[in-house]
Amino acid sequence: MSAWERQDAKDGRAAAAGLLAGRRVGIGGVRLPDRPAAWTAFDEEVRVARAHGTSLPSFDRPETRLCHRDGRIREAALDEPDPALPLVAIRCADWVPAVRKRARRILGEALAADPARTLTALTPLVLRLGRREQGAWALERFEAALRAEDPVLAPWWRPARPATWWRAERPARTRTGEQPDTVLAWLRWSPDRDTRRFAARITLDRGQLAYANWPGGPPSSRTR
């Protein structure tokens, strides 16, 4: 694990401890979508706390119920409004079949309804989860979506199309001063190394060589 991943995992554990102690602070720094180690550490910290019989005031929070040791509680938490999608992605690799089934339905619906936002936010995490025994499902669907030309990502493949939501929410620029304007372009400039490689491979496989070239290699303010 890299130094950045160790720090992310530390942040994830701290966020879990804060929620379990009753501090109403949301998920704090774990909310950043390109920090998979933070999300997985958050999930593990909540589960360990419950395993130790910890009686804390915030096991009723939606985020903590999604990470509860009891599969019935995790499954029920997935039916609550707007569950945190990174935790839903983790539950797609859950060891309980009923939890996996429900989580996969929710993630599949999110991918169909808003593919660009879902892919850019969750690909780093889904790549990590793909290493788990039950983790291939989400990774296969994300890769299929990124390789599809129509209909799921057709508007985002047009290089001339101006970027929309991520111009306002994600001000990062490349070394040439450009802002990514497609899903794959954004993923190629991800601060997460595995995500950059994943996106570059798909780009090359699609024959989009021009879009896979970066002067000096893909930059990042946080290379992991």
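Residues numbered from 1 in each chain as written. Predicted model: local features only at pLDDT ≥ 70, side-chain atom pairs only at ≥ 80, totals over all residues. Heavy atoms only, no water.

## Topic: the overall build of the protein
Thinking step 1. The helix and strand tally for the protein stands at 11 helices and 0 strands.
Thinking step 2. Taken from N to C terminus, the helices and strands of the protein fall in the order α-α-α-α-α-α-α-α-α-α-α.
Thinking step 3. With 224 residues in all, the protein has 50% of them scored as buried.
Thinking step 4. Long-range pairs, those at least 24 residues apart, make up 58% of the contacts in the protein with a sequence separation of at least 6.
Thinking step 5. Working note: accessible area of the protein is about 11,000 Å², and carbon and sulfur atoms make up 52% of it. (Helix = DSSP H or I, 4+ residues; strand = E, 2+ residues; numbered from the N terminus. Buried < 20%, exposed > 50% of the residue type's maximum accessible area, 1.4 Å probe, protein only. Contact = heavy atoms within 4.5 Å. Areas by Shrake-Rupley, 256 points an atom, 1.4 Å probe, with all protein chains shown as cover.)

## Topic: the side chain of arginine 128
Thinking step 1. Counting through the fold element by element, arginine 128 comes out in helix 7 (residues 115-129).
Thinking step 2. Dropping the residues within four chain positions of it, arginine 128 is found in contact with Glu5, Pro36, Asp192 and Asp194.

## Comments concerning helix 8 (residues 136-147)
Thinking step 1. In this model, helix 8 (12 residues) spans 16 Å end to end at C-alpha, consistent with the 16 Å of a helix rising 1.5 Å per residue.
Thinking step 2. Among the residues of helix 8, Trp137, Ala138, Phe142, Glu143, Ala145 and Leu146 are the ones counted as buried.
Thinking step 3. Packed against the buried residues of helix 8 are helix 6 (97-113), helix 7, helix 10 (183-188) and helix 11 (193-205). (Expected span 1.5 Å × (residues − 1).)

## A short note on the nonpolar core
Thinking step 1. Core analysis: the largest hydrophobic core is formed by 42 residues, its most contacted members being Phe42, Leu78, Leu87, Leu107, Leu119, Phe142 and Leu146.
Thinking step 2. Here the element with the most residues in this core is helix 7; it accounts for 8 residues. (Core = buried A, V, L, I, M, F, W, Y, C linked by side-chain atoms within 4.5 Å.)

## What about the packing of helix 6 against helix 8?
Thinking step 1. Contact geometry of helix 6 with helix 8 gives a least axis separation of 11 Å together with a crossing angle of 10°. Considering the angle they form, helix 6 stands roughly parallel to helix 8. You can see that helix 6 and helix 8 cross each other, and the crossing is right-handed. The segment helix 6 lies against helix 8, with Arg104, Leu107, Gly108 and Leu111 engaging Trp137, Ala138, Arg141, Phe142 and Ala145.
Thinking step 2. A breakdown of the residues in the contact of helix 6 with helix 8 according to their chemical character gives 6 nonpolar, 1 polar and 2 charged. (Axes fitted to C-alpha atoms, helices over the stretch in contact; angles between N-to-C directions. Parallel < 35°, antiparallel > 145°, perpendicular 65-115°, else oblique. Left-handed = near helix turned anticlockwise from the far one by under 90°. Nonpolar A, V, L, I, M, F, W, Y, C, P; charged D, E, K, R; others polar.)

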